[in-house]
Amino acid sequence: MDRKKSGISYAKWGYIFVAPFFIAYIIFTLTPQLMTFYNSLFMNYRDGLMQVGPKFVGLKNFISLFTPDKSGSIGMLKYFGNTMILWVMGAVPQVAVALLLAVFFTSTRLNIKGQQFFKTVIYMPNLIMAAAFSMLFFTLFSPVGPINKILVSSGMAKASIDFLNLKVPVRVLISLMNFLMWFGNTTILLMAGIMGIDQGLFEAAYIDGASSLQVFKNVTLPLLKPILVYVIITAMIGGIQMFDVPQVLTNAKGTPDRASMTMVMYLNNYLQTSKNYGMAGAISVILFIISAALSLIVYRSMSATYRQNRGRHRDRDK
């Protein structure tokens, strides 16, 4: 009997099993991305009841985005700056607190009781819809909300404070909401990474007399780099695509003076007001390029230090 006919082609079945993913990716992700880039090269918008375009204009939409307006400011750069400020204010404490909690809960020396309860509690905000979370903060910090009533009744403020029309408070509120919604998810990921590290390394370090800080700096942090890279890149992409929280909290206005207007809110304005698919497509392409470039920078820089540390450990083993 022919061995080729009687054998099982595992490679064929492997392609069959992974085919649904690639088919779904091509239909629902790759094709829309290509269509977005295609639309960014056309002038295509609605002026009242009249449809203008589609008309091929090349890179004119991209040039318009970086052309100063009458006041001399470039909207695209301003909204990118807003987005990065909001992301840094929320993501840096998020990763720092999540890393601290992950080390705290996974420590065999502390042996924290009731870990399941605490894990559930810190993850619960991630289950709340961003719109509901934003409405909650809008109600709490509105001029007639309970926070203002407490401040006025306690004498800490003479009159109600319009938090949502002050640049620093509204940015702090947006960053705080993003922190509360995502630090639990980040904590779970970092805990999984720490639990994947060989516990014998920690025991050896403590036997050699290393302090907890030294163990964290020389054992935990270097071996946790792959998970940290993933966490930082995903948090960065999510921050660049920030939309729902500031959209609901500021009623899509980005108040005050568009200081909380993000890039995706800017994109959404073109889609809502004039159905300008050309300009919206151009902003989407720029978002994709920025996300890809920053992700590559973070990955290359952190991966380089991770490989150097692994090389040092191998040299010591030899």
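Below is a summary of the structure that appears in this document. Position numbers for residues start from 1 in each chain and track the written sequence from start to end. Local features in this predicted model are restricted to residues whose pLDDT is 70 or higher, and side-chain atom pairs enter the listing and the counts only when it is 80 or higher, whereas totals over whole chains, interfaces and linings include all residues. Remark: hydrogens and water are excluded; side-chain values derive from all non-hydrogen atoms of the structure.

Runs of H or I in DSSP of at least four residues are treated as helices and runs of E of at least two as strands, each being numbered from the N terminus. If you tally the helices and strands in the protein, you get 14 helices and 2 strands. It is over C-alpha atoms that the radius of gyration is taken, and the globule rule equals 2.2 Å times the number of residues to the power 0.38. Scaling as 2.2 N^0.38, a compact globule of 318 residues should have a C-alpha radius of gyration of about 20 Å, whereas the protein reaches 25 Å, well beyond that. Seen along its three principal axes, the alpha-carbon backbone of the protein occupies a region of about 80 × 70 × 35 Å. The buried label applies to any residue whose accessible area, calculated with a 1.4 Å probe on protein chains only, is under 20% of its type's maximum; exposed applies above 50%, and partly exposed to all values in between. Burial statistics for the protein: of 318 residues in total, 38% are counted as buried. Contacts spanning at least 24 positions in sequence make up 65% of the contacts within the protein whose residues lie at least 6 apart. Approximately 19500 Å² of the protein is accessible, and the part contributed by carbon and sulfur atoms is 67%. Computed over 28 positive and 11 negative side-chain charges, the separation of the two mean positions in the protein equals 5 Å. Residue contacts are counted whenever heavy atoms from the two residues lie within 4.5 Å of one another. Methods summary: accessible areas were calculated by the Shrake-Rupley approach with a probe of 1.4 Å, and residue burial reflects only the protein chains presented. By the counting rule applied here, Lys and Arg register as positive and Asp and Glu as negative, while His and the ends of each chain are not counted. Every charge is mapped to an atom, namely NZ of Lys, CZ of Arg, CG of Asp or CD of Glu.

Another aspect to go through is the pairing of strand β2 (residues 50-56). Examined bridge by bridge, strand β1 (residues 42-47) and β2 share 5 bridges and lie antiparallel to one another. Counterpart to R46 in the pairing with β2 is Q51. A pair of strands is labelled paired if DSSP reports no fewer than 2 bridges between them. Where β1 hands over to β2, the hairpin turn is made up of 2 residues, of which G48 adopts a positive phi near 70 degrees.

This next bit is on the environment of F42. Following the sequence through the fold, F42 ends up in strand β1. Sequence separation between F42 and S212 is 170 residues; the distance between their C-alpha atoms is 59 Å. With near-sequence residues (within four places) excluded, F42 lies in contact with P54, K55, F56, V57, N61 and G278.

In this structure, L190 and I283 are the most contacted members of the largest nonpolar core, which totals 47 residues. For this core, the secondary-structure elements that each account for two or more residues are α3 (60-65), α4 (75-106), α8 (167-195), α11 (225-240), α13 (263-273) and α14 (277-317). If sequence neighbours within four positions are ignored, I283 has contacts with L65, M76, M263, Y266, L267 and Y270. Residues L151, A157, L164 and M242 belong to the second largest nonpolar core, which totals 17 residues. Remark: nonpolar core denotes a set of buried residues (Ala, Val, Leu, Ile, Met, Phe, Trp, Tyr, Cys) joined through side-chain atoms within 4.5 Å.

On to the side chain of N178, then. Counting through the fold element by element, N178 comes out in helix α8. Once residues within four sequence positions are removed from consideration, N178 is found in contact with Q94, M242 and V245.

Further remarks concern the packing of aromatic side chains. The description of two aromatic rings rests on the distance between their centres and on the angle between their planes. The rule is short: rings of Phe, Tyr and Trp, with Trp giving its six-membered ring, pair when the centres are within 6.5 Å, and they are stacked under 30 degrees, edge-to-face over 60, tilted in between. For the coordinates displayed, the defined rule picks out 14 aromatic pairs. With centroids separated by 5.2 Å and ring planes inclined at 75 degrees, the aromatic side chains of F21 and F22 adopt a geometry described as edge-to-face. For F21, a relative accessible area of 53% gives the class exposed. Grouping aromatic residues by their ring pairs yields a cluster made of F104, F105, F117 and F118.

Let us now look at the environment of N185. Relative to the elements of secondary structure, N185 occurs in helix α8. Owing to a relative accessible area of 23%, N185 belongs among the partly exposed residues under this scheme. Considered as a pair, N185 and V103 are 82 residues apart in the sequence and their alpha carbons are 15 Å apart. Beyond its immediate stretch of four places on either side in the chain, N185 contacts Y123 and N126.

What follows concerns the packing of α4 against α8. For every element, the axis is a line fit to its C-alpha atoms; helices are fit only across the contacting stretch, and the angle between N-to-C directions ranges from 0 to 180 degrees. Running from N to C, α4 and α8 point in directions that differ by 35 degrees, and their axes come no closer than 6 Å. Note that α4 runs across α8; the crossing there is right-handed. Rotating anticlockwise by less than a right angle from the far helix to the near helix defines a left-handed crossing, while the corresponding clockwise rotation defines a right-handed one.

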